[in-house]
Amino acid sequence: QAEYGAALRWYHMAADRGNAKAMRGLGCMYYSGCWDLDKGEGVACDYAEAMRWWRMAADKGDDAAMGLIGYLYHNGDGAEQDYAEAIRWYRMAADKGDAFAMGNLGQMFDLGHGKGIPKDDAEAYFWLILVARTPHERAERDKVGEKLTPEKRLEVEARCREWAKTHPAIHD
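Per chain, the residues get numbers from 1 upward, laid out in the order the sequence is written. Whole-chain, interface and lining totals are the exception, using all residues; otherwise, since this is a predicted model, local features are given only for residues with pLDDT of at least 70 and side-chain atom pairs are given and counted only at 80 or more. With hydrogens and water stripped out, all remaining heavy atoms of the structure feed into the side-chain values.

Describing the environment of Ala 99
Okay, step 1: Here a strand is any run of E in DSSP of at least two residues, a helix any run of H or I of at least four, and the numbering for each starts at the N terminus. In this fold, Ala 99 is placed in helix α6 (residues 99-111).
Okay, step 2: Each C-alpha atom, one on Ala 99 and one on Arg 141, is 14 Å from the other, the two residues being 42 residues apart in sequence.
Okay, step 3: Each residue touching Ala 99, except ones within four places of it in the same chain, is listed here: Val 131, Arg 133, Ile 170, His 171 and Asp 172. Every residue pair with non-hydrogen atoms within 4.5 Å of one another is taken to be in contact.

In structure tokens:
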């Protein structure tokens, strides 16, 4: 059984010492709402508090927290829904190798979201190439790639190879 109270105490101790992963962990607890009814300990779901902890972690360079902030803006959880701001945070995380952010960028450009975020198959294909590791991810990438001319696919694939030379390894 999960020990939410203990996790909360340990995360706070580490976060108080400046540990970005602990800050991110606290944000995840607040985003999910981790509560043990039997023990009466944990935290209720609080998107604003999740945002606060993820921003602290992002300020310390935590790329996963940056991607999670993008997710909050993307979905309007704890912040007004803002696709441009979501893309800005996703790009910051993706530039540091965060696969979650890359996948979300690919989906956003594949679908287009209006409000200044146009549908862009080439940009979607770019991000989906970088993140495709599972059969599902490769199928999603291929589906978007089929919308492009063979010349455009080759151009985007070359861009991916160049990107990989100057950016960190992609990680979860």
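With respect to helix α7 (residues 121-131)
Okay, step 1: Exposed residues in this analysis have more than 50% of their type's maximum accessible area, buried residues have under 20%, and partly exposed residues fall in between, with area computed by a 1.4 Å probe over protein chains only. Burial runs high along α7: 10 of the 11 residues are buried.
Okay, step 2: Within the span of α7, buried status applies to Asp 121, Ala 122, Glu 123, Ala 124, Tyr 125, Phe 126, Trp 127, Leu 128, Leu 130 and Val 131.
Okay, step 3: Contacts described as polar in this section are N or O atom pairs within 3.5 Å, which, within protein, must combine one atom able to donate a hydrogen with one able to accept it, while residues neighboring in sequence count only if both atoms come from side chains. For α7, the capping residue at the N-terminal end is Asp 120, with a side-chain oxygen 3.2 Å from the backbone nitrogen of Ala 122.

Some thoughts on the state of the cysteines
Okay, step 1: Cysteine sulfur atoms are paired as a disulfide whenever they fall within 2.5 Å. This model, assessed by the stated rule, comprises 0 disulfides.
Okay, step 2: Unpaired in terms of disulfides, Cys 28 finds its nearest cysteine sulfur in Cys 34, a separation of 8.6 Å.
Okay, step 3: Cys 45 takes part in no disulfide bond, and the closest cysteine sulfur, belonging to Cys 34, lies 9.4 Å away.

Focus on the packing of aromatic side chains
Okay, step 1: To pair, rings of Phe, Tyr and Trp, with the six-membered ring standing in for Trp, must have centres within 6.5 Å; the planes then decide the type, stacked if under 30 degrees apart, edge-to-face if over 60, and tilted in the middle. Tallied over the full model, the rule gives 8 aromatic pairs.
Okay, step 2: Aromatic pair Tyr 71 and Phe 100: ring centres 5.8 Å apart, planes at 50 degrees, arrangement tilted. Of the two residues, Tyr 71 is situated in helix α4 (residues 63-75) and Phe 100 in helix α6; the sequence distance between them amounts to 29 residues.
Okay, step 3: Residue class for Phe 100 comes out partly exposed when judged on its relative accessible area of 36%.

Looking at the packing of helix α5 (residues 83-94) against α6
Okay, step 1: It is at 8 Å that the axes of α5 and α6 come closest, and there the two elements cross at 140 degrees. By the angle between their axes, α5 is oblique relative to α6. Helix-helix and strand crossings are classified by hand; for α5 and α6 the assignment is left-handed. Residues Tyr 83, Ala 86, Ile 87, Tyr 90, Arg 91, Ala 93 and Ala 94 of α5 form the contact with α6, whose participating residues are Phe 100, Ala 101, Met 102, Asn 104, Leu 105, Met 108 and Phe 109.
Okay, step 2: Each residue is assigned to one class: nonpolar for Ala, Val, Leu, Ile, Met, Phe, Trp, Tyr, Cys and Pro, charged for Asp, Glu, Lys and Arg, and polar for all the others, Gly among them. Residue composition of the contact of α5 with α6, by class: 12 nonpolar, 1 polar and 1 charged. Note on geometry: axes are C-alpha line fits, over the in-contact stretch for helices, and angles between N-to-C directions span 0 to 180 degrees. For classification purposes, an angle smaller than 35 degrees is called roughly parallel, one larger than 145 roughly antiparallel, one from 65 to 115 roughly perpendicular, and anything else oblique. Here a crossing is taken to be left-handed if its near helix is turned anticlockwise relative to the far helix by less than a right angle, and right-handed if that turn runs clockwise.

A closer look at the side chain of Asp 63
Okay, step 1: Structurally, the position occupied by Asp 63 is in helix α4.
Okay, step 2: Other than its neighbours up to four places away in sequence, Asp 63 contacts Ala 93, Lys 96, Asp 98 and His 171.

Comments concerning the packing of α7 against helix α8 (residues 135-145)
Okay, step 1: It is the contact of α7 with α8, at a shortest axis distance of 9 Å, that shows an interaxial angle of 155 degrees. Put simply, α7 runs roughly antiparallel to α8. The two elements α7 and α8 cross, and the hand of that crossing is left-handed. The residues of α8 that touch α7, namely those facing Asp 121, Ala 124, Tyr 125, Leu 128, Ile 129 and Val 131, are Glu 137, Glu 140, Arg 141, Val 144 and Gly 145.
Okay, step 2: The class makeup of the residues in the contact of α7 with α8 is 6 nonpolar, 1 polar and 4 charged.

Describing the environment of Asn 75
Okay, step 1: Residue position: Asn 75 is located in helix α4.
Okay, step 2: Of the residues examined, Asn 75 reaches a relative accessible area of 35% and is grouped as partly exposed.

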